[in-house]
Amino acid sequence: MAWQSVAILFILYFIWLLYFDGFKFKQSTSRGLEELWLYLHFPLHFTLIMLLEVYVNALEALNRLYAAFNEVWDEYGDKGSFPDHPTLEKLLRVLDTSWQEEKLALLEAIEKDEADPSDQAINVASQIWRWYADMVHKVVQLYNDEEDKKAEYKYEIFTKS
């Protein structure tokens, strides 16, 4: 992971160098100002790399959650019950919940679903997708410092529909 960051730093530096200087050799009139400018821009580039790492980690977490969700969905479709899933258990630990608790809540929601009982597959799918959307929402909330009241209101409306 550290070597990837170093490689990204070098790539960004050389792209920047090509764009602004074009590898031109020039004589500077003030070496001190150039060094000051260089040192003041290092935090900017370092911050950009850290933001990219956070973005990559968040996407990786969502991809793992989606893969585990698909495995659970396939198992439920094949056997009619939710399996124990160690990967999902680890992923949900970050959200202060467990797959066992979520499994019970999902089964309860499916049983209490007030939709048309003649089409059980749609009821189960809607409850599972609602659960997945809620988990993605919780992952996104991990990266937010302040709560967005308007967005939370819209999310509540979405989950009740």
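Throughout what follows, the structure given in this document is the object of discussion. What you see is a predicted model; the values in this text were computed from it and never measured.

### Digging into the nonpolar core
If you look at the biggest cluster of nonpolar residues, it comprises 17 residues, and the most contacted ones within it are Phe82, Leu88, Leu92, Trp99 and Trp131. Setting aside residues up to four positions removed in sequence, Trp131 forms contacts with Phe69, Leu88, Leu92, Trp99, Glu102 and Leu106.

### Considering the pattern of salt bridges
Here the structure, examined in full by the defined rule, presents three salt bridges. Measuring nitrogen to oxygen at the nearest pair gives 2.9 Å for the salt bridge that ties Glu60 to Arg64. Pair noted here: Glu60 and Arg64 are both in helix α2 (residues 31-79), with a separation of four residues, about one helical turn. The salt bridge involving Asp84 is made with Lys103; its shortest N-O contact spans 2.8 Å. In this pair, Asp84 sits in the loop between α2 and α3 (86-93) while Lys103 sits in helix α4 (residues 99-112), placing the two residues 19 residues apart along the sequence. By relative accessible area, which is 56% here, Asp84 ends up exposed.

### Quick notes on the side chain of Ser98
As for its position among the elements, Ser98 is in the loop between α3 and α4. Within the structure, the side chain of Ser98 is placed 3.2 Å from the backbone nitrogen of Glu101, a separation counted as a polar contact. Apart from residues lying up to four places away in sequence, Ser98 is in contact with Glu89 and Leu92.

### What about α2?
With 49 residues, α2 extends 72 Å between its outermost C-alpha atoms, agreeing within 8% with the 72 Å of an ideal straight helix rising 1.5 Å per residue. Largest kink in α2: about 25°, centred on His41, with the proline Pro43 one to four residues after it. Among the residues making up α2, those that are buried are Ile49, Glu53, Ala58, Leu65, Ala68, Phe69, Val72 and Tyr76. Positive phi shows up at Gly80, right after α2, with a value of about 80°.

The rules we used
- Residues numbered from 1 in each chain as written.
- Predicted model: local features only at pLDDT ≥ 70, side-chain atom pairs only at ≥ 80, totals over all residues.
- Heavy atoms only, no water.
- Core = buried A, V, L, I, M, F, W, Y, C linked by side-chain atoms within 4.5 Å.
- Buried < 20%, exposed > 50% of the residue type's maximum accessible area, 1.4 Å probe, protein only.
- Contact = heavy atoms within 4.5 Å.
- Salt bridge = Lys/Arg side-chain N within 4 Å of Asp/Glu carboxyl O.
- Helix = DSSP H or I, 4+ residues; strand = E, 2+ residues; numbered from the N terminus.
- Polar contact = N/O pair within 3.5 Å; in protein donor to acceptor, adjacent residues only side chain to side chain.
- Expected span 1.5 Å × (residues − 1).
- Bend = angle between axes of the 7 residues up to and from the residue.

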